[in-house]
Amino acid sequence: MHDSTVKGASQTPYRVGFLLVNQFTLISLSSAVEPLRVANQLAGRELYAWELLGEGPAIQSCSDGFAVNLDKTLADATDYDLVIVVGGLSIEQNLERSVLAWLRKQAQRGVVIGSVCTGAYVLASAGLLDDYQCSAHWDCLTILTERFPRVGCNNQLYTIDRDRMTCTGGTIPMHMILAMLSSRHPQALVDAVADMLICERYRADVEMQLVPMWSRKVEMQPKLKEVLQLMEANLEEPILLQELADFVHLSRRQLERLFLKYLHCTPSRYYLKLRLDRARRLVKQSSRSIVEITSMCGFVSTTHFSRCYRKYIGVSPRVDRLNCQPDYQSAANEQLSA
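Please read these numbers as outputs of a predicted model, since none were measured by experiment.

(A) Here's a closer look at the confidence of the model for the protein. Per-chain confidence: the protein averages 85 in pLDDT, with 89% of residues scoring 70 or above. Across residues 1-6 the pLDDT falls below 50, and counting only partners more than four positions away or on other chains, this stretch makes 15 contacts in the model. Residue range residues 325-338 is modelled with pLDDT below 50. Its contacts to residues more than four positions away, or to other chains, number 25 contacts.

(B) Representation of the environment of Asp 277. The residue Asp 277 is located in helix H10 (residues 267-285) in this model. Residue classification places Asp 277 among the buried residues on the basis of a relative accessible area of 12%. Placed 32 residues apart in sequence, Asp 277 and Tyr 309 show a C-alpha to C-alpha distance of 9.5 Å.

(C) Representation of the nonpolar core. Among the nonpolar cores identified, the biggest contains 40 residues, and Phe 18, Leu 20 and Leu 181 are the most heavily contacted of them. Only strand E1 (14-20), helix H1 (26-43), strand E2 (48-54), strand E6 (82-86), strand E7 (112-116), strand E11 (164-167), helix H5 (172-184) and helix H6 (187-196) provide two or more residues apiece to this core. Counting residues per element, this core draws most heavily on H1, at 8 residues. The contact partners of Phe 18, leaving out residues within four places of it in the chain, are Leu 29, Ala 32, Val 33, Leu 36, Trp 50, Glu 51, Leu 52, Leu 53, Ile 84 and Val 86.

(D) The arrangement of the pattern of salt bridges in detail. One pass over the full model with this rule turns up 12 salt bridges. Close ionic contact of Asp 131 with Arg 150 constitutes a salt bridge, the shortest N to O distance being 2.4 Å. With Asp 131 in the loop between helix H3 (119-125) and strand E8 (133-134) and Arg 150 in the loop between helix H4 (138-147) and strand E9 (152-153), this residue pair connects regions lying 19 residues apart in the sequence. Between Lys 273 and Asp 277 there is a salt bridge, with its nearest N and O atoms 2.7 Å apart. You can see Lys 273 and its partner Asp 277 sitting in helix H10, 4 residues apart, about one turn around the helix. For Lys 273, a relative accessible area of 2% corresponds to the buried category. Because the salt bridges share partners, they merge into one network encompassing Arg 15, Glu 51 and Lys 72.

Quick notes on the rules
Residues numbered from 1 in each chain as written. Predicted model: local features only at pLDDT ≥ 70, side-chain atom pairs only at ≥ 80, totals over all residues. Heavy atoms only, no water. pLDDT = per-residue confidence, 0-100. Contact = heavy atoms within 4.5 Å. Helix = DSSP H or I, 4+ residues; strand = E, 2+ residues; numbered from the N terminus. Buried < 20%, exposed > 50% of the residue type's maximum accessible area, 1.4 Å probe, protein only. Core = buried A, V, L, I, M, F, W, Y, C linked by side-chain atoms within 4.5 Å. Salt bridge = Lys/Arg side-chain N within 4 Å of Asp/Glu carboxyl O.

Below is the structure:
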């Protein structure tokens, strides 16, 4: 592809810095980088240049254990047009004050700031998402919403709001970068990049990220899907089962049959599991007290909350806060199916 086909063609490449947080997710990074590489390849010149950055030292670990060599630490990082924070596991624990200060300076200089996976938590902590809409991995949305009331958290796959670009995780960063390319280049180049990456269709920013457990199972049952969405939106003050059934014009027995057929558990068990999932994220990812979490997740008392938590997750909330229990999900699912 000739240079003349690129809108606003310039010999100076658009410089992108990928700031890697400790335990970042490698798939999110590669999904964001590859469209830039392919754009360069198809254009026949360097439209984009990128560097891997970190607070230091010169090597950063990702969530699957690989060690990645950084191009620069923040102390010697140079000018960028766009900086994208690549988040991952235990984002609250892996936050560095020096990273927040560096990001604020970049924003003050007019650099476009972005994030993928749980990286939005870093931007919000730096105050860079106040009064912006933002997207983040579903596992991070609870703590984002609770900690940063001025951030317009949504459940979209990605959000481009003025000079902020935020995204969920997995392969979705590829779609956010393709959207960015569409704003800077002719569609022919963007389509060619997508074809090279075997991207069969563009994911629009307004599409919602899928929620675990039920999203793929109930796509053909809209009434059940509607009830599940209601449950997820009302965890602090749970809705009575009869009211849920009335809302979708079903009897209570009909609704129970749908749950048993598609999710292999009763509505009450499923609703409890949703509340416990949220509770566990708050236990592991926030400093909220057990009393606060009890109220935020719709339990009548800390005694009741602790009893339910121990039954489905295997340990008390206080013990779980201190000791990670990686197999809790499978154990809880077994309890639901029992």
